[in-house]
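# Examination of the molecular architecture
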Amino acid sequence: MEDTYRTIESPSEGLYKEKGSKFIALAYPVYTEEEVKEILTDLRKQYYDARHHCYAYILGADKNRYRANDDGEPNHSAGDPILGQIRSFDLSNVLVVVVRYFGGTKLGVSGLINAYKTSTAEALSSATIVEKHETSLLQVHFAYPQMNDVMSLVKEYELGVKDQQFELDCRMTLEVRRKLEEEVRGKLEGIEGVAVEVVE
């Protein structure tokens, strides 16, 4: 199962100007549709005076969750060119929003396609592209004496510790690479007194 994907390390932006219109492309690393909604809401407040907030995103290592939105521009003249650029950079877990300020002169559909495509390409070109793995979160419950056994698995599999609580009953939230999830879970559950649940 393929769990590796390319994404951007941090937000980046690009700018394209044509006949007085300004296209500000803002690219963000995102993991959920909730994050997409939050960013769009924030940008609509920040750029409240812009004519359009067109966007596209792709989520997941398999890239099967995606959406393109023209936000009032002619059909397929904005969202699709943005989505096309995310695809041509071979990225996932990325949202690009292009904020357009209208300059008074219409650009026509081909002019719009070019503007949305170029501003998106500029934002993605200036981003740092990183390779990541899809991960799952496992919540592990165990008693203090099992600590060493659990920690040695954390080291062995280079698991990310997202949260931990060590008292009489210990709890840790571990980030594990998706394709190793079953293997790691099996080994943790093989330690006596350890309970594991997948965090959604």
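Attention in this report is confined to the structure presented alongside it. Source: prediction; values computed, not measured.

### Thoughts on the overall build of the chain
Check the secondary structure of the chain and you find 5 helices and 11 strands. Over its C-alpha atoms, taken along the principal directions, the chain stretches across nearly 70 × 30 × 25 Å. Counting only residues that meet the buried cut, the chain has 45% of its 200 residues in that class. Put simply, 71% of the contacts in the chain that link residues at least 6 apart link residues at least 24 apart. A total of about 10800 Å² of accessible surface is found on the chain, and carbon and sulfur atoms cover 45% of it. Once the 24 positive and 34 negative side-chain charges of the chain are each reduced to a mean point, those two points are 9 Å apart.

### Quick word on the pattern of salt bridges
Scanning all chains against the criterion turns up 10 salt bridges. Lys-187 is paired through a salt bridge with Glu-156; the nearest N and O atoms lie 3.7 Å apart. You can see Lys-187 sitting in helix α5 (residues 181-189) and its partner Glu-156 sitting in helix α4 (residues 147-156), a full 31 residues away along the chain. Each member of the salt-bridge network shares a partner with another, and the members are Arg-6, Lys-63 and Asp-90.

### Things to note about helix α1 (residues 33-46)
For α1, spanning 14 residues, the distance from its first C-alpha to its last is 20 Å, which sits close to the expected 20 Å at 1.5 Å a residue. Its buried side turned inward, α1 meets β3 (21-29), β4 (52-59) and β6 (94-101).

### Looking at unusual backbone geometry
A positive phi angle, close to 45 degrees, is found at Lys-19, a residue other than glycine. Mapped onto the secondary structure, Lys-19 falls in the loop between β2 (12-18) and β3.

### Considerations on the packing of aromatic side chains
Scanning all chains against the criterion turns up 3 aromatic pairs. Both rings, one in Phe-23 and one in Tyr-116, keep their centres 5.0 Å apart while their planes meet at 80 degrees; by these two values the pair is edge-to-face. A residue pair is termed long-range when its members are at least 10 positions apart, and Phe-23 in strand β3 and Tyr-116 in helix α3 (residues 108-125) qualify at 93 residues. Among the residues examined, Tyr-116 registers a relative accessible area of 0% and is labelled buried. Centroid distance Tyr-55 to Tyr-57: 6.5 Å. Interplanar angle 5 degrees. Geometry classified as stacked.

### Things to note about the pairing of β3
Of all 9 residues that make up β3, 7 are buried, and the element is covered over most of its length. Pairing of β2 with β3, which is carried by 7 bridges, proceeds in the antiparallel orientation. From the neighbouring strand, Leu-15 faces β3, where its bridge partner is Ile-24. Taking the residues that link successive antiparallel strands as the turn, the β2-β3 hairpin has 2 residues, and the phi of Lys-19 there is positive, at about 45 degrees. Both β3 and β6 contribute to a ladder of 8 bridges, which runs antiparallel. Within the sheet, the bridge partner assigned to Leu-26 lies in β6 and is Val-97.

### Considerations on the nonpolar core
Counting 25 residues, the largest nonpolar core has Phe-23, Ile-82, Ile-86, Val-96, Tyr-116 and Leu-124 as its most contacted members. Tallying contributions element by element places α3 first for this core, with 6 residues. Look past the residues within four positions of Ile-86 in its chain and what remains in contact with it is Ala-56, Tyr-57, Ile-58, Leu-91, Val-94, Val-96 and Leu-124. Of all hydrophobic cores here, the second largest spans 18 residues; its members include Leu-153, Ile-191, Val-194 and Val-196.

### Things to note about the side chain of Asn-69
Within the element layout of this structure, Asn-69 appears in strand β5 (residues 65-69). A relative accessible area of 18% means that Asn-69 is categorised as buried. Within polar-contact distance, the side chain of Asn-69 engages the backbone nitrogen of Asp-71 at 2.6 Å. When neighbours within four sequence positions are excluded, Asn-69 is seen to be in contact with Cys-54, Tyr-55 and Gly-79.

### Looking at the environment of Arg-6
As for its placement among the helices and strands, Arg-6 is situated in strand β1 (residues 4-8). In the structure, Arg-6 is positioned 83 residues away from Phe-89 in sequence and 8.8 Å away in space, judged by C-alpha atoms. Among all residues touching Arg-6, those that are not within four sequence positions of it are Phe-89, Asp-90, Leu-91, Ser-92, Ile-129, Val-130 and Glu-131. Reaching out from Arg-6, the side chain makes a polar contact with the backbone oxygen of Phe-89 at a distance of 3.0 Å. Among the polar contacts listed, one links the side chain of Arg-6 to the backbone oxygen of Asp-90, at a separation of 3.4 Å.

Conventions adopted
Residues numbered from 1 in each chain as written. Predicted model: local features only at pLDDT ≥ 70, side-chain atom pairs only at ≥ 80, totals over all residues. Heavy atoms only, no water. Helix = DSSP H or I, 4+ residues; strand = E, 2+ residues; numbered from the N terminus. Buried < 20%, exposed > 50% of the residue type's maximum accessible area, 1.4 Å probe, protein only. Contact = heavy atoms within 4.5 Å. Areas by Shrake-Rupley, 256 points an atom, 1.4 Å probe, with all protein chains shown as cover. Lys, Arg positive; Asp, Glu negative; His and termini not counted. Charge placed at Lys NZ, Arg CZ, Asp CG, Glu CD. Salt bridge = Lys/Arg side-chain N within 4 Å of Asp/Glu carboxyl O. Expected span 1.5 Å × (residues − 1). Phe/Tyr/Trp six-rings, centres within 6.5 Å; stacked < 30°, edge-to-face > 60°. Pairing = 2+ DSSP bridges. Core = buried A, V, L, I, M, F, W, Y, C linked by side-chain atoms within 4.5 Å. Polar contact = N/O pair within 3.5 Å; in protein donor to acceptor, adjacent residues only side chain to side chain.

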